[in-house]
Amino acid sequence: EPEVTQTPSHQVTQMGQEVILRCVPISNHLYFYWYRQILGQKVEFLVSFYNNEISEKSEIFDDQFSVERPDGSNFTLKIRSTKLEDSAMYFCASRGLVVGEQYFGPGTRLTVT
Amino acid sequence: DAKTTQPNSMESNEEEPVHLPCNHSTISGTDYIHWYRQLPSQGPEYVIHGLTSNVNNRMASLAIAEDRKSSTLILHRATLRDAAVYYCILRDSGGANNLFFGTGTRLTVIP
């Protein structure tokens, strides 16, 4: 069964550094998403991406965040200058045209020290 | 986004049916009812979704009240692997269909 993959599984970075989290969505999917989950809290929507542009973004997704689909397979989330509060699990998701069925990756745990 | 209300936690014995309720009294006519679950240390996983009629798939059944103000996710025989947090989410059919998770119901399955 096709699945969403994410790399790395765990990323440790120092405050102020840039990080890029990578995702490979399911190949024929058209919508791509990033969510995050701070330890012990709920899953929060960050951004959705369709047709090579951002569809919607939350208040969390400020100027420090950006997304890109640099080729036909990867979908990346960049945080320009990480803060301690960016420490969280980041989940990538994708879906095709069917309403409702978003497929999530296993997540990247980001630790900012 | 329309709000859903779920119990914080529920318990079930292994191999027994589980009924997970969700109230969504402010649901609009175009809102789909989605259920996702999150197993420990994993990403959310799609379970089922519906609009008006009851739905069945290999994982679960979704029973939707006639007035659509509530729904119930039914796991026919709970297994230990079903221990997870279950989320009931309302989304309009249009747009990117972003998901806004609440705190969900933590299901504990007792062997």
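Being a predicted model, the structure only gives us computed values, none of them experimental.

A. Region of the structure containing a nonpolar patch on the surface. All names here are of chain A. A cluster of nonpolar side chains, namely Leu-30, Tyr-50 and Leu-97, defines an oily patch on the protein surface of about 290 Å² accessible area. Structurally, Tyr-50 is set in strand 5 (residues 43-50). Looking at Tyr-50, the relative accessible area reads 33%, which means it is partly exposed.

B. A look at the interface of chain A and chain B. In this complex, chain A contributes 20 residues to the contact, which on the side of chain B involves 19 residues. Contact between chain A and chain B buries roughly 1,600 Å² in total, counting both sides, with carbon and sulfur atoms accounting for 55%. There are zero salt bridges connecting chain A and chain B. If you look at where chain A meets chain B, you find six residue pairs in polar contact (both at pLDDT 80 or more). Among the secondary structure elements, those contributing two or more residues to the side of chain A that touches chain B are strand 4 (31-37), strand 5, strand 6 (53-57) and strand 9 (88-95) of chain A. Take the side of chain A that touches chain B: its biggest share by element is four residues, from strand 4 of chain A. Residues belonging to the side of chain A that touches chain B are distributed by class as follows: 10 nonpolar, six polar and four charged.

C. Local environment of the sheet that holds strand 1 (residues 5-7) of chain A. Residues and elements named next belong to chain A. Judged by pairing direction, the sheet is antiparallel, and its four strands sit side by side in the order 1-3-8-7 without closing on themselves. The open sheet has two edge strands, strand 1 and strand 7 (65-68), and neither has a second partner. This sheet shows a mean twist of 20 degrees between the axes of neighbouring strands, independent of strand direction. The sheet contact formed by strand 3 (residues 19-24) and strand 8 (residues 75-79) spans five bridges and is antiparallel.

D. The arrangement of the side chain of Arg-68 of chain B in detail. All names here are of chain B. Along the chain, Arg-68 falls in the loop between strand 6 (61-64) and strand 7 (70-75). It is Asp-31 that comes nearest to the buried, bridge-free Arg-68 among opposite-charge side chains, at 5.8 Å. Looking at Arg-68, its side chain comes within polar contact range of the main-chain oxygen of Ser-28, at 2.6 Å. Residue contacts for Arg-68: discarding those within four places in its chain leaves His-24, Ile-27, Ser-28, Gly-29, Thr-30, Asp-31, Ile-33, Leu-51 and Thr-52.

Definitions and limits used
- Residues numbered from 1 in each chain as written.
- Chains lettered and ligands numbered in written order.
- Predicted model: local features only at pLDDT ≥ 70, side-chain atom pairs only at ≥ 80, totals over all residues.
- Heavy atoms only, no water.
- Patch = residues over 30% accessible without salt bridge, like charges linked within 9 Å, V, L, I, M, F, W, Y side chains within 5 Å.
- Areas by Shrake-Rupley, 256 points an atom, 1.4 Å probe, with all protein chains shown as cover.
- Salt bridge = Lys/Arg side-chain N within 4 Å of Asp/Glu carboxyl O.
- Helix = DSSP H or I, 4+ residues; strand = E, 2+ residues; numbered from the N terminus.
- Buried < 20%, exposed > 50% of the residue type's maximum accessible area, 1.4 Å probe, protein only.
- Contact = heavy atoms within 4.5 Å.
- Buried area = accessible area lost by both parts, 1.4 Å probe.
- Polar contact = N/O pair within 3.5 Å; in protein donor to acceptor, adjacent residues only side chain to side chain.
- Nonpolar A, V, L, I, M, F, W, Y, C, P; charged D, E, K, R; others polar.
- Pairing = 2+ DSSP bridges.
- Axes fitted to C-alpha atoms, helices over the stretch in contact; angles between N-to-C directions.
- Lys, Arg positive; Asp, Glu negative; His and termini not counted.

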